[in-house]
Amino acid sequence: MKFWRLPLDAEAHTIPHGKVNIIWNRCKGCGFCIEFCPNSCLKESKHFNAKGYHPPEVVLQAEDCVECGLCSLICPEFAIFTELKEAKEITEEDIQKVTIRYSRKDKRYQKR
Amino acid sequence: MADLNGIRIGVYVCHCGKNIGGTVRCDEVAEYARQLPGVALATDSLYTCSEPGQEQIKHDIREHQLNRVVVASCTPRLHEPTFRAACESAGLNPYLLEMANIREHCSWVHLHDKDAATEKAKDLVAMAVGRAAKLMPQFEVTVPVARKAMVIGGGVAGIQAALDMADAGYQVYLVERTGSIGGRMAQIDKTFPTMDCSICILAPKMSEVGRHPNIELLTLSEVQEVQGHIGNFKVKVLKKARYVTKECTACGDCIKASPQHAPDEFNAGLSIRRAIYIPFAQAVPSTFLVDMDRCLNNSGIVACDRCFQACSHKCIDFAANDEVLDLDVGTIVVATGVDVYDPTALTELGYGKFPNVITTLEFERLINAGGPSGGELIRPSDRRRPQRVAFLQCIGSRSKRSNPYCSNVCCMNTVKDALLIKEHWPDTEIYVFYIDIRAFGKGFEDLFQRARREGVTFVRGIPGEIIEDIKTGDLTLLGENTLLGKHYRHRMDMVILSVGIKPHKDADKIQRLLNLATDTDGFYMEAHPKLRPVDTTTGGVFLAGAAEGPKDIKDSVTQASAAASRANILMSRGEVKIPAITSRIDPKKCTACGLCARVCPYHAIEGSKEQGFYRVIEAACQGCGACVPECRFGALDQTHFTEDQIVSQINAALASDPHDKILAFACNWCSYAGADFAGVSRIQYPHNVRIIRTMCSARVSPSWIEKAFIMGAGAVLVSGCHPADCHYNNANQNTARRVERFWKRMEKQGINKDRLRLAWVSAAEGAQFAKVIKEMEAGLKKLTSQQIQEAAEKLQKSLTKKSEAT
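This is a predicted model, so every value here is computed, not measured.

**Describing the state of the cysteines**
Residue and element names in this part refer to chain B.
Link 1 in the chain: Evaluation of the coordinates by the stated rule reveals one disulfide over all chains.
Link 2 in the chain: In this model C197 forms its disulfide with C200; the gap between the sulfur atoms is 2.1 Å. Negative torsions about the S-S bond denote left-handed disulfides, and the value of about 75° found for C197 with C200 makes this one right-handed.
Link 3 in the chain: Judged by relative accessible area, which is 22%, C197 ranks as partly exposed.
Link 4 in the chain: Under the relative-accessibility criterion, C200 is labelled partly exposed at 47%.
Link 5 in the chain: Sulfur of C304: no disulfide; nearest cysteine sulfur belongs to C307 and is 6.2 Å away.

**Here we look at the interface of chain B and chain A**
Link 1 in the chain: In this assembly, 48 residues from chain B lie in contact with 33 residues from chain A.
Link 2 in the chain: For the pairing of chain B and chain A, the buried interface totals around 3,500 Å² over both sides, and the portion due to carbon and sulfur atoms is 59%.
Link 3 in the chain: Area buried by chain B at its contact with chain A is led by H261, I272 and D293 of chain B, which between them contribute 17% of it.
Link 4 in the chain: At the junction of chain B with chain A, the criterion picks out three salt bridges.
Link 5 in the chain: The salt bridge partner of E67 of chain A is R306 of chain B, with a shortest N-O separation of 3.5 Å.
Link 6 in the chain: Our enumeration of links across chain B and chain A arrives at twelve residue pairs in polar contact (both at pLDDT 80 or more).
Link 7 in the chain: Elements with a minimum of two residues in the side of chain B that touches chain A: β13 (261–263), β14 (272–274), β20 (357–359) and α12 (360–367) of chain B.
Link 8 in the chain: A per-class count over the side of chain B that touches chain A returns 26 nonpolar, nine polar and 13 charged.

**Section: the sheet that holds strand β11 (residues 221–229) of chain B**
All names here are of chain B.
Link 1 in the chain: Judged by pairing direction, the sheet is antiparallel, and its three strands sit side by side in the order β11-β12-β17 without closing on themselves. The open sheet has two edge strands with one neighbour each: β11 and β17 (323–329). In this sheet, adjacent strand axes meet at a mean angle of 20° when their direction is disregarded.
Link 2 in the chain: Across seven bridges, the pairing between strand β12 (residues 232–239) and β17 is antiparallel. Along β17, the bridge assignment pairs F233 with V329.

The rules behind these values
- Residues numbered from 1 in each chain as written.
- Chains lettered and ligands numbered in written order.
- Predicted model: local features only at pLDDT ≥ 70, side-chain atom pairs only at ≥ 80, totals over all residues.
- Heavy atoms only, no water.
- Disulfide = S-S within 2.5 Å.
- Buried < 20%, exposed > 50% of the residue type's maximum accessible area, 1.4 Å probe, protein only.
- Contact = heavy atoms within 4.5 Å.
- Buried area = accessible area lost by both parts, 1.4 Å probe.
- Salt bridge = Lys/Arg side-chain N within 4 Å of Asp/Glu carboxyl O.
- Polar contact = N/O pair within 3.5 Å; in protein donor to acceptor, adjacent residues only side chain to side chain.
- Helix = DSSP H or I, 4+ residues; strand = E, 2+ residues; numbered from the N terminus.
- Nonpolar A, V, L, I, M, F, W, Y, C, P; charged D, E, K, R; others polar.
- Pairing = 2+ DSSP bridges.
- Axes fitted to C-alpha atoms, helices over the stretch in contact; angles between N-to-C directions.

Remember that the coordinates give geometry; whether it matters functionally is a separate question.
Here it is in structure tokens:
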């Protein structure tokens, strides 16, 4: 059965929330961070940096960043890092996102 | 009539009380049988299957030196074993018995036409006598039964079946799809009618399974493949990685660390769980697991190790892999259970839009002390305690819009829920809107009356619409009280939909793996609804719990114990006889072309061109007979369903008035059973059909169809299981191929190809079988005898041409 309502204990749960910082001109556009971000928070920017690459940019609904730090770990140019921000409460939107992902069987969310 | 090469057949026509005798003039049939070649004795009796009836057969075998027995009574699927045993005890080989089905296929389906039914019964007896004359004694091989069992599904039925078999001393593999056993019963707060705490009585059983030395518990596991047969199943089980090792103490330190969340399935989405979680507090095994669909590490690299850092025992292992286990088991118990009906589709009730409309499953979690609200009954919209609560019955049951059947448990579940509310908060007003309250079980009526005494209001008539007040979240129910004939309008704080149950969504996967049959509602079919209620048509596979039909806990446990006991009988005997219906190759005629090996669904034919011959591996042959029509040289034949035997049945069936007759070939498992079901349901259809049984429709040889048309049969029906439901590993795709080829041939020769029909009829589709026969009858009426004669001549001509050429 599809889950649709906001769980009753939603306010009791907080999830870590991170801010992604991109050092614009240091990026060489390898795209590792975009490819490997487990919550799909990044996408390739349309704009060029000084070196002529397309650096990543944070997608608009980037509430998903949980500050796992994988992007800063795999960036060959040390051009991206995350900061832990205030933990955030779970909203109805979050729940919907999860259920939609479940139902859509997004390739990313299938078993490896 | 006199002897026929020493063959002495005894014919017994059974009245079956009024079941047959009320429609068919049995004495006339017996009189007719006496004229048939080879018949030494023919008699009619009231109940042939009774003790005196069987004694009569045994006596006659000895006294009259009978060497074949024909019993014209019910379907061989019911009493063939009975009469075979009777023959055997009188010293006659059990394979020398033949049955004519004059009840399910004759008297019950032609209730109002005594003359036609009697004529048909005569034909059916003549067919059986014809076949009986060609029967040969057969000897069954015994195969060992592995003393191990597999139970699919870890709900209360699966748990009970596993415990019963393990206690009897057999090794049991309990395969459960989710992370813990317990199933639906673990989610429920109290049980009816005794109001016992559900998990309190289930948890001890669950932990017993966990520590039982004879049970191997396989959670997060799914059955992928089942090969083999009764006594020797080879099963492949995919055991998914748990990512948490057995050292886990379920301390829960990892939960807070996990950054990923999801709705908790156990609490019906009313609470949140993390990506690392334990299904519920009493889970067995009591080990956390990682939901890889939600974990950040699901693309093969460890992106986040927060739970690992928080775990003091370091028992999280992201390097764990799925494994495929190979199990050898002798018996299988299927207890896949049920899902609840999703009422979102019934838009007038507003489920999915109005927060205060909940299902009974959500209610169970709300009222449970271990649930998301700690046992407080609250409205989801504002967390206030509702003062006026409505229960709506039959949501998703007994309706053409959803499921047509009664879900069995919802009425009493609602009565129980209403009493629970009254118990905790007596001032709550409770309304139950119902169609009928079905309180049929032990102690059920008492509970229902208690609910009425406690002041629960029962209103007959389900609301047609629910309207929500957006400001307050209150709900207005509009409908008609069908007892008073008046419209009602009730304002409620909360509405609880008493949702029905339906087969588990994975039930069809298991059905295909084990070649089970399902009824029209999707529940598994038992081998016989009255006398073999836990057996399936697949030998060695048994049913337990609600997978077979909606059931409450008590019935599920009862059936689980029954299934375990049936499996225990097989395992304790340690061996089982395999029917002697395998194929055989005549080495003299075999040209080693290998066509038969190619169609065998079990790879039971081995050999090669170089070797110069092919042979059947008897232990692997399942007896479908798909290989026999494939041989162009007549080197193959199937034991007990030989070419001779079937041809003599065709001859007898079409001996008189062939132009008006429909000759039907039906496979034993689906279509013949479907025709039986039409009989049991008393669905009337035209009487000119004559049914010949084969094990699989793939046994039906194009030469039989050809012969039938040459003899002037009006129409021929070939029927089998639905594609993918074939009892013999999709052997019936050969049926389709052969029939299509015959159609092409008919087209080429200018014969109306509608006269040959291919129909897929399952064991539950009695009505479908009757419909097919009615349609064929309508087609037959349009034909003239001249057309039939011309077609027969054309086919005869091409047949003689072919035989001259070879």
